[in-house]
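Report on the structure
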Amino acid sequence: MSVVDRQEWDVVVVGAGGAGLRAAIEARERGARTAVICKSLFGKAHTVMAEGGIAAAMGNVNSGDNWQVHFRDTMRGGKFLNQWRMAELHAREAPDRVWELETWGALFDRTKDGRISQRNFGGHEYPRLAHVGDRTGLELIRTLQQKIVALQQEDHRETGDYESRLKVFQECTVTRVLKDGSRVSGVFAYERESGRFFVLEAPSVVVATGGIGKSFKVTSNSWEYTGDGHALALLAGAPLLNMEFVQFHPTGMVWPPSVKGILVTESVRGDGGVLRNSEGKRFMFDYIPDVFKEKYAESEEEGDRWYEDPDHNRRPPELLPRDEVARAINSEVKAGRGSPHGGVFLDVSTRMPAEVIRRRLPSMYHQFKELADVDITAEAMEVGPTCHYVMGGIAVDSDTAAARGVPGLFAAGEVAGGMHGSNRLGGNSLSDLLVFGRRAGLHAAEYAAGLTSARPPVDDAEADAAAAEALRPFSAEGPAPGQEPGRPPENPYTLHQELQQAMNDLVGIIRREGEMEQALERLADLRVRARRAGVEGHRQFNPGWHLALDLRNMLLVSECVARAALERTESRGGHTREDHPEMDRTWRNVNLLCRLADPVGDPAAGDPARGQITLTRETTEPVRPDLLALFEKEELVKYLPEEEL
Ligand code: FAD
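Cut-off values and rules
- Residues numbered from 1 in each chain as written.
- Predicted model: local features only at pLDDT ≥ 70, side-chain atom pairs only at ≥ 80, totals over all residues.
- Heavy atoms only, no water.
- Near = heavy atom within 4 Å.
- Polar contact = N/O pair within 3.5 Å; in protein donor to acceptor, adjacent residues only side chain to side chain.
- Areas by Shrake-Rupley, 256 points an atom, 1.4 Å probe, with all protein chains shown as cover.
- Helix = DSSP H or I, 4+ residues; strand = E, 2+ residues; numbered from the N terminus.
- Pairing = 2+ DSSP bridges.
- Buried < 20%, exposed > 50% of the residue type's maximum accessible area, 1.4 Å probe, protein only.
- Arc of directions from axis to C-beta.
- UniProt positions renumbered as here; feature names shortened; annotations may be inferred.
- Salt bridge = Lys/Arg side-chain N within 4 Å of Asp/Glu carboxyl O.
- Core = buried A, V, L, I, M, F, W, Y, C linked by side-chain atoms within 4.5 Å.
- Contact = heavy atoms within 4.5 Å.
- Axes fitted to C-alpha atoms, helices over the stretch in contact; angles between N-to-C directions.

Now for the site of the ligand. Taken together, 40 residues are adjacent to the ligand, and Thr-47, Gly-52, Glu-224, Tyr-225 and Glu-414 come closest. With respect to the ligand, the backbone of Glu-51 contributes an N or O atom lying 3.1 Å from a nitrogen atom. Between an oxygen atom of the ligand and a side-chain N or O atom of Tyr-225, the distance comes to 2.6 Å. Expressed as a share of its isolated accessible area of 1,000 Å², the protein-covered part of the ligand is 99%. If one sorts the elements of the shell around the ligand by residue count, helix H11 (residues 428-449) sits on top with four residues.

Listed below in structure tokens is the structure:
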């Protein structure tokens, strides 16, 4: 038995980003003994990278804003595939969550009259993003971390132990959610530094592990984004929803190669930055789709006037939702009008004084100066699309964040599906983390407290199987059956690179049927080879071993993305099919659900060449009539099938 330690908690939260920390605070405040476990250092989650801000209809800069307008923008951005109840809760509750952060010590930028300042972002009708320069995520995490420490101090005063009711296990990776029958019983994890295994027993587990970007070659995402939570849920029997929707942010750095993909925040465009091609043309005016025509400026003059007088002018098309801008950039580059390094130009230098740029966009200024030797106050940046966010995720109940079909499992943040439909608006993730992180923590605590029978016990055999699975890379066989002997085990780094290349080239921003079929074949080959992924050395901090374990997750999640993308024969939001370029109303109410094909839940069992994922369709719940009434009928006609109108 490899398991050396077991601890009992009421709620275990996997992930210490915005969603995980907010969930943990809520669970602890509701009386649940709560453990937080994270791969990275406490305070270093991916959320710290968030730049632009938190979307919340506080109406501080334009009093016309309210939750209904935010709801409308979110549904439009998601092309009406959003789980509408989530979009409603999110729009209604986001302002309270931002205010709450201030009461916990966050300090947002202010308007001249001292209110929380709000900035423009793509797809948002009014200035809506509460921000701290372009370092909003850092402030958000700092504040939540501070709140956790405050709660621990409170517990110390009462119990003499800081960690009696709320404990953080940092630099630990969860590899399995454990179950007793259908119910959650805990998690299996290892310490990254020592390789030591341990089990946290708990009837409620909140998955808040973020996204999947590390399966793609060009990405803005951090090393943590290997789709662990998506895979943990699949393996535990929960379905993933609409995994075909992956957001390619229009503006990532394209040069030098070592920094390709790093994000250039949308605030650059929100604050006045414009996109130009190699001919100097502001090309976005050529790419306004019909569904957005009435809302966007027709001329540069009108677009420019909007920054000063938004009530009497329409916004510039640089502020269209991200999917539209990313596709437009892709088309310009393909047409030979790109920048020298395969992107387009994003210019603030001719739009704002140098001192304003340095004040409003300090991180961007330093990022370009230090990484690319470009002074953005004097010259344009070169930018291109980068894999940024996954809209697909664990299928959850809108109100409770409970994962479908697995009692005791909850999910919040980027790992959860539904909220953003086919495309997320900028700023709507940080608010999503707070709104649904809180709800997940609340319902996880209530579920644990409400258990009437004994808690689900952790089965020794299941924990042993998880330990054996984690140790497999140390005893990887060389050649697969039927292959020539004498070949060394596969290198996990090589496999990862090949996976990233395949996903980037074959299931990337523009998709074609033949290429996605090819991707599925490559994934099957990679799965066979990943069985033989071997590592040398021992369990003390061994990054090769960590990657070998992460590969299981990336391969599962990538198969979900490829299968769902092949199935959805239309273009919508973050999913663009060259062979089906139109948005099709008959797909508007169709969700695609991915489940593990092997009910035993062991991707290493059976034949890895076979697909591991089965895909089913389901019809979405019709939008509640009072919410539909927030839209003009002429607009709805563009999205909804006849029977829904
Ligand atoms: P994360 O913050 O990623 O946290 C995930 C946690 O899970 C981490 O602690 C990680 O260590 C842990 N974890 C993962 N796997 C495991 C495992 N197996 N075991 C244990 N722990 C695990 N959104 C906005 O709304 N506004 C913005 O301005 C904005 N800017 C962005 C800028 C950049 C550069 C990027 C990349 C994204 C930006 N986003 C923004 C998106 C937003 O930051 C993310 O969607 C959001 O932070 C995700 O938060 P989360 O809590 O779901 O996950």
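Next comes the rest of the description.
Overall, antiparallel pairing links the three strands, which are arranged E4-E6-E5 in an open sheet. The strands lining the two open edges of the sheet, one partner per strand, are strand E4 (54-55) and strand E5 (118-119). Summarising the sheet, E5 and strand E6 (residues 129-130) pair through two bridges and their orientation is antiparallel. Each residue of the ladder has a partner; that of Gln-118, found in E6, is Ala-130.

Think of an α-helix as 3.6 residues a turn; residues three or four steps apart then line up on the same face. If you check which residues of helix H7 (residues 300-308) are buried, you get Glu-302, Gly-303 and Trp-306. Viewed along the axis of H7, the buried residues span an arc of 100 degrees, placing them on a single side of the element. Opposite the buried face of H7, by more than 90 degrees, sit the exposed residues Glu-301 and Glu-308.

Sites flagged by UniProt as "domain: FAD-dependent oxidoreductase 2 FAD-binding" (unreviewed entry) map to residues 10-430. For the annotated span residues 10-430, helix accounts for 29% and strand for 18% of the residues, and the straight-line distance between the end C-alpha atoms is 26 Å.

What the rule picks out here adds up to 65 salt bridges. Here Lys-167 and Glu-163 are joined by a salt bridge, their closest N and O atoms 3.7 Å apart. A salt bridge links Arg-568 to Glu-244; the nearest nitrogen and oxygen atoms lie 2.5 Å apart. Of the two residues, Arg-568 is situated in the loop between helix H15 (543-567) and strand E19 (590-596) and Glu-244 in the loop between strand E12 (240-241) and strand E13 (246-253); the sequence distance between them amounts to 324 residues. Glu-244 shares its class with Arg-568; the two are buried. Among the ionic contacts, a cluster of salt bridges with common partners joins Arg-85, Glu-88, Arg-92, Asp-399, Arg-624 and Asp-626.

What follows concerns the nonpolar core. Of all hydrophobic cores here, the largest spans 115 residues; its most connected members are Val-12, Ile-37 and Leu-409. Here this core takes 10 residues from H15, the largest share from any one element. Beyond its immediate chain neighbours, meaning those up to four positions away, Ile-37 contacts Val-12, Val-13, Val-14, Gly-15, Phe-169, Cys-172, Val-174, Ala-189, Phe-198 and Leu-200. Leu-346, Val-348, Val-374 and Leu-627 belong to the second-largest nonpolar core, a separate cluster that totals 44 residues.

Our next topic: the sheet that holds strand E2 (residues 11-14). One open sheet accounts for five strands, arranged E7-E3-E2-E11-E18; its pairing is parallel. Strands at the two margins of the open sheet, each flanked by one partner only, are strand E7 (166-169) and strand E18 (409-411). In this sheet, adjacent strand axes meet at a mean angle of 20 degrees when their direction is disregarded. Two strands pair when backbone bridges link them, and E2 and strand E11 (residues 204-207) are joined in this way by four bridges, in the parallel orientation. Residue Val-11 lies in a different strand from E11, and its bridge partner there is Ser-204. This element, helix H1 (residues 18-29), spans E2, strand E3 (34-37), E7 and E11 of the sheet and lies at about 170 degrees to E3.

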